[in-house]
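# A look at the structure
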Amino acid sequence: MNGKFGAAAVAIALLACGAAAAQGYPQRPIRMVVGLPAGGSTDVMARIVSVKLSERLGQQVVVDNRAGASGIIAIQLVVNSQPDGYTLIMAAGSWGTIGTLFKLPFDLQRDLAPVAFVGTSPYVLVAQATLPVKSVADLIAYARANPGKLTIAGSTPGSLQRLAGELLKRTAGIDILYVPYKGTGAVMPDLLGGRLDTAIDNVLVLAPYIKKGQLRGLGVTSSKRSVVYPELPTLSETGMPGFHAVGWFGVFAAAKTPQPIVNRLNQEIVAAMSEPETRGRLLAQGAEPQPGPADDLRRYLAREIEVWGKVIREAGIKAE
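Model, not experiment: these values are computed from the prediction.

### As for the layout of surface pockets
Considered as a void within the structure, the second largest pocket measures approximately 230 Å³ in volume. Taken together, 15 residues line the second largest pocket, and the ones lying closest to its centre are Thr120, Ser223, Lys224, Glu288 and Gln290. Taken together, the elements giving at least two residues each to the lining of the second largest pocket come down to β4 (112–128), α11 (276–284) and β10 (288–292). With 3 residues, β10 is the single largest residue contributor to the lining of the second largest pocket. When its residues are assigned to classes, the lining of the second largest pocket shows 6 nonpolar, 5 polar and 4 charged.

Right under this line is the structure:
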């Protein structure tokens with residue numbers, strides 16, 4: 001019994017310390033780490049969240065870009081930081097893939113504490129204008145009649161655009177040739193020029209070309225229709241039930257960060273992301289705000305790791 005009482009006393013003491021830490025939190029600037037260069041969607045999301053957090057917490061939240069090694073450098077920095085809520089990281093969709101592609105010096109699900117789900121960024125499947133297809137069903141039929149002749153753009157092996165294309169191939173049972181590119185900027189000339197048949201990328205990036213008739217929008221890869229382009233059906237609606245492949249964003253802290261601090265951060269992030277002005281800024285970037293509790297983020301990361309790990313292993317995809 002003494003052992004049980006002792007353990008209970010320790011637990012109560014830890015809770016009291018955490019509550020005390022949260023009451024005075026924050027007392028100095030907070031760092032928001034981003035594992036990608038400035039200017040990309042993850043960086044933009046981090047800056048929007050950081051500005052709003054600064055306003056709500058009364059302390060500056062500074063974005064710290066630590067690009068390199070597919071985001072592993074940045075994650076390691078946060079894993080090794082003091083679990084005090086002063087070092088956070090904005091997660092990107094690639095977090096669902098890196099554990100399968102690389103041998104990591106940490107465990108994403110064990111060594112980080114989910115703080116708040118922030119939002120998603122849906123992709124759209126497009127075809128070049130001269131391809132004789134007007135729907136996902138047309139594309140599948142054409143690909144089956146011409147196995148190995150169609151091409152689809154992709155970025156790095158672990159990018160969600162690349163893996164969404166692989167999931168499309170496997171779900172629809174079609175043979176399309178993957179063509180690697182270094183980014184959307186490199187894809188567009190070939191896609192618009194008819195030298196590339198299809199691509200999957202951010203709906204905001206491709207929507208202007210669809211509206212001008214330069215590309216054909218076939219469907220969005222999210223489970224629900226895009227707020228940015230609601231007239232396009234989801235791939236689930238077009239014969240692939242359950243298809244879901246989107247970019248996503250969430251805030252994490254080091255494991256063992258006191259729960260009261262995690263709760264405070266979650267409360268402020270959810271409130272900030274729910275403001276009409278913030279929602280408007282996110283939608284303008286092609287992101288759909290979906291602020292939610294830490295457990296939502298925990299479950300979402302686990303799902304992403306499971307789904308994309310399976311796709312990567314079955315397709316034999318290797319890191320560059």
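### Focus: helix α6 (residues 136–145)
For α6, the complete set of buried residues consists of Val136, Leu139, Ile140 and Ala143. Projected down its long axis, α6 carries its buried residues within an arc of 95°, all on one side. Contacts made by the buried residues of α6 are with β4, α7 (160–172), β7 (198–202) and β8 (215–220).

### A short note on helix α9 (residues 203–211)
Burial in α9 covers these residues: Val203, Leu206, Ala207 and Ile210. Projected onto a plane normal to the axis of α9, the buried residues spread over an arc of 120° and lie on a single side. For α9, the N-terminal capping position is held by Asn202, with its side-chain oxygen 2.7 Å away from the main-chain nitrogen of Leu204. Residue Gly213 follows α9 closely and has a positive phi angle near 80°.

### Some details on the side chain of Ser222
Relative to the helices and strands, Ser222 resides in the loop between β8 and β9 (246–254). One polar contact links the side chain of Ser222 to the main-chain carbonyl oxygen of Lys224, over a distance of 2.6 Å. When neighbours within four sequence positions are excluded, Ser222 is seen to be in contact with Pro122, Thr234, Phe243, His244 and Val246.

Cut-offs and rules
- Residues numbered from 1 in each chain as written.
- Predicted model: local features only at pLDDT ≥ 70, side-chain atom pairs only at ≥ 80, totals over all residues.
- Heavy atoms only, no water.
- 1 Å grid on protein atoms, 1.4 Å probe; cavity = no way out; pocket = protein on both sides within 12 Å on 5 of 7 lines; lining within 4 Å.
- Points joined across faces, edges and corners; volume = space filled by probe spheres on them.
- Helix = DSSP H or I, 4+ residues; strand = E, 2+ residues; numbered from the N terminus.
- Nonpolar A, V, L, I, M, F, W, Y, C, P; charged D, E, K, R; others polar.
- Buried < 20%, exposed > 50% of the residue type's maximum accessible area, 1.4 Å probe, protein only.
- Arc of directions from axis to C-beta.
- Contact = heavy atoms within 4.5 Å.
- Polar contact = N/O pair within 3.5 Å; in protein donor to acceptor, adjacent residues only side chain to side chain.

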